[in-house]
Amino acid sequence: RKCNGLCVKILVGVGSTLAAAAFCSHPSSQQLRQQSIATASRAAAFVHTSAATDRLACEAASQRRDVTVALSCSALRQNGDAEILTSQAAANRRTKTTAADLYFQQHGKIPSPTQKHQTLPIRTPDANSKNILVIGDVHGCFEDMMKLHRKAIAENDDMEFDHVILVGDLVNKGPESARVVRHTRLQPKWWTVRGNHDNAALSAALGHAKRRAKSKYSWVLEGEDTNEDQNQNEDVHGTTDGNAGDTSVPSPSVVLSDDDIMWMSELPYTLTIPAEYFQTKHGDDDNVGGDNNDHIDTVIVHAGFVPGIPVQEQSIYSMVAIREVDLLRDTNTYRYHDRGVGYTDGADVTKSPWASVWTGPQRVIFGHDARRGIQRYPGEMAIGIDSGAVYGNGMTAMILPERRLVSIPTIVHSAVGDD
């Protein structure tokens, strides 16, 4: 509408939708203009993250011919929105004054999360989404993670997932660890458990001297000791969805912020998908997987468990680091197989992959064991989906409840065994 005075365009983010609005400086519109500027400021971080670091919203708008949203995405890409990037900078700084920092300074270790074991909430049935996607170890391979997500959506009848869950080890070894953290933290439908590399990176960020001296954790330190102007994601470069020279969408450099650190410090070690979830979504009589174990809880954990010990009583070390267990024949019980102790198979001890002898009562989906790759044993009570993405062996995800694997090829970023 034509008006007398200066016209100001503001990009506003509301929920998961971007909108472009124009307001003029005519006195009658001053109040509306001020309200809109305030809204834009509050939404700046969301707009920047959703449109710049996660292209799904813009791609979806294009596919459904949502002109308003598509124009907003286009405007954000073309002009860079320096003001939005500036307001985002404050949310992208490390001050080392978080509760996690203070705890580490006092105790010399990372704090325990408020809840070590969490349960996925049962969502109200949504006609626009279905199923759950569980993604294997990402290790900083952000672009691969997003490619895998898009491929999984295509195999999910082009529908979004109710939830996306990562099995931990979001970081280290790959090129964009902080970006994986930021994206996962800001997406309302995305969840993750923590892995050994997440704990190690958190420890480095909080002040662990030996880890901070290692090149593997250099990415953790990039957001420290910088002023606001230096830390506002100004390193914009083209993303590469397999298309050389594609610079149409900005892909800002991301460094850890205080909010990222607090979020990492509160990540759980397990996330349980209740059996009722799939019964609610698919109906009580829908035995999707085709066996008698479909209506049981599914637990997501990074590494695994010692059989015979309830999940709530598992050690943190087991949950983030276990690969094998020893069967003690005299008692018919299992213990964590500690490679450092030098246990060997003998008359009284047998070593096995823990997943091969797990009998429940919950089904478990885990990562961590890239050397073995995908693990599927009879009965599928424990399924490993770390195919070794960062080693160039592909990134894998599983669609639940069908337990259907989806994978993409990846390039080498790290040597196998580089722990």
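About the criteria used
Residues numbered from 1 in each chain as written. Predicted model: local features only at pLDDT ≥ 70, side-chain atom pairs only at ≥ 80, totals over all residues. Heavy atoms only, no water. Helix = DSSP H or I, 4+ residues; strand = E, 2+ residues; numbered from the N terminus. Buried < 20%, exposed > 50% of the residue type's maximum accessible area, 1.4 Å probe, protein only. Contact = heavy atoms within 4.5 Å. Areas by Shrake-Rupley, 256 points an atom, 1.4 Å probe, with all protein chains shown as cover. Pairing = 2+ DSSP bridges. Axes fitted to C-alpha atoms, helices over the stretch in contact; angles between N-to-C directions. Parallel < 35°, antiparallel > 145°, perpendicular 65-115°, else oblique. Nonpolar A, V, L, I, M, F, W, Y, C, P; charged D, E, K, R; others polar. Salt bridge = Lys/Arg side-chain N within 4 Å of Asp/Glu carboxyl O. Polar contact = N/O pair within 3.5 Å; in protein donor to acceptor, adjacent residues only side chain to side chain. pLDDT = per-residue confidence, 0-100. Phe/Tyr/Trp six-rings, centres within 6.5 Å; stacked < 30°, edge-to-face > 60°. Core = buried A, V, L, I, M, F, W, Y, C linked by side-chain atoms within 4.5 Å.

1. Some remarks on the overall build of the protein
In step 1: Tallying secondary structure elements over the protein gives 13 helices and 16 strands in all.
In step 2: Counting all 419 residues of the protein, 52% fall into the buried class.
In step 3: Counted over contacts in the protein with a minimum sequence separation of 6, partners at least 24 positions apart contribute 68%.
In step 4: Counting every atom, the protein has about 19200 Å² of accessible surface; 49% of that belongs to carbon and sulfur.

2. A look at the sheet that holds strand E11 (residues 349-353)
In step 1: Pairing within the open sheet is antiparallel, and its three strands lie in the order E10-E9-E11. If you trace the sheet from one side to the other, it starts and ends with strand E10 (333-336) and E11, each paired once. This sheet shows a mean twist of 35° between the axes of neighbouring strands, independent of strand direction.
In step 2: Here strand E9 (residues 324-328) runs beside E10; their pairing, made up of four bridges, is antiparallel. Across the sheet, residue Leu 328 finds its bridge partner in E10, namely Thr 333.

3. What to know about the packing of helix H5 (residues 99-107) against helix H8 (residues 196-206)
In step 1: Where H5 meets H8, the axes come as close as 9 Å, and the angle between the chain directions of the two elements is 80°. As the angle between them shows, H5 and H8 are arranged roughly perpendicular. Judged by residue contacts, Ala 100, Asp 101 and Phe 104 of H5 engage Ser 203, Ala 205 and Leu 206 from H8.
In step 2: Residue composition of the contact of H5 with H8, grouped by class: four nonpolar, one polar and one charged.

4. As for the pattern of salt bridges
In step 1: Enumeration according to the criterion identifies 16 salt bridges in this entry.
In step 2: When the shortest N-O distance is used, the salt bridge between Asp 258 and Arg 94 registers 2.8 Å. Of this pair, Asp 258 sits in helix H11 (residues 258-265) while Arg 94 sits in the loop between helix H4 (82-89) and H5, and the two are 164 residues apart along the sequence. When sorted by exposure, Asp 258 lands in the same class as Arg 94, which is buried.
In step 3: One connected set of salt bridges, linked through shared partners, spans Arg 323, Glu 324, Asp 369 and Arg 372.

5. Points about the pairing of strand E8 (residues 298-301)
In step 1: Residues Thr 298 and Ile 300 line one face of E8 and the alternating positions Val 299 and Val 301 line the opposite face, and both faces are buried.
In step 2: By the bridge criterion, four bridges tie strand E7 (residues 270-273) to E8 in an arrangement that is antiparallel. Bridged to Ile 273 within E8 is Thr 298.
In step 3: Of the pairings in the sheet, the one linking E8 to strand E12 (residues 363-366) comprises three bridges and is parallel in character.

6. Examining the side chain of Thr 184
In step 1: Along the chain, the position of Thr 184 falls in helix H7 (residues 177-186).
In step 2: Within polar-contact distance, the side chain of Thr 184 engages the backbone oxygen of Val 180 at 2.8 Å.
In step 3: The contacts of Thr 184, once residues within four sequence positions are left out, are Leu 166, Leu 170, Trp 190, Trp 191, Thr 192 and Trp 263.

7. Things to note about the sheet that holds strand E14 (residues 382-384)
Pairing between the strands of a sheet comes from backbone hydrogen bonds, and it takes one of two forms, parallel or antiparallel.
In step 1: A sheet is described by the order of its strands in space; here six strands give the open sequence E3-E7-E8-E12-E14-E13, paired in mixed fashion. At either margin of the open sheet sits one strand with a lone partner, and together these are strand E3 (117-119) and strand E13 (375-376).
In step 2: Sheet analysis places E3 next to E7, joined by three bridges and oriented parallel. Residue His 117 lies in a different strand from E7, and its bridge partner there is Thr 270.

8. Points about the confidence of the model for the protein
In step 1: On average, the protein scores 76 in pLDDT, and the residues at 70 or more come to 65%.
In step 2: pLDDT under 50 marks residues 226-251. Its contacts with residues more than four places away, or in other chains, come to 57 contacts.

9. Observations regarding the packing of aromatic side chains
In step 1: One pass over the full model with this rule turns up six aromatic pairs.
In step 2: Taken together, a centroid distance of 5.1 Å and an interplanar angle of 90° make the contact between Tyr 277 and Phe 278 edge-to-face.
In step 3: Look at Tyr 277 and you get buried, because its relative accessible area is 1%.
In step 4: Judged by its relative accessible area of 8%, Phe 278 falls in the buried class.
In step 5: In this structure an aromatic cluster arises from ring pairing among Phe 305, Trp 354, Trp 358 and Phe 366.

10. Describing H7
In step 1: Most of H7 is tucked away: eight of the ten residues are buried.
In step 2: Those residues of H7 that sit buried are Ser 177, Ala 178, Arg 179, Val 180, Val 181, Arg 182, His 183 and Thr 184.

11. As for the nonpolar core
In step 1: Membership of the largest hydrophobic core comes to 44 residues, with the highest contact counts inside it found for Leu 133, Ile 135, Met 145, Leu 166, Val 220, Leu 256 and Met 395.
In step 2: Not counting residues up to four positions away in its chain, the partners in contact with Leu 166 are Ile 135, Val 138, Met 145, Thr 184, Trp 190, Trp 191, Thr 192, Val 193 and Ile 300.
In step 3: Formed by 21 residues, the second largest nonpolar core is a distinct cluster that contains Val 301, Val 306, Val 311 and Ala 382.

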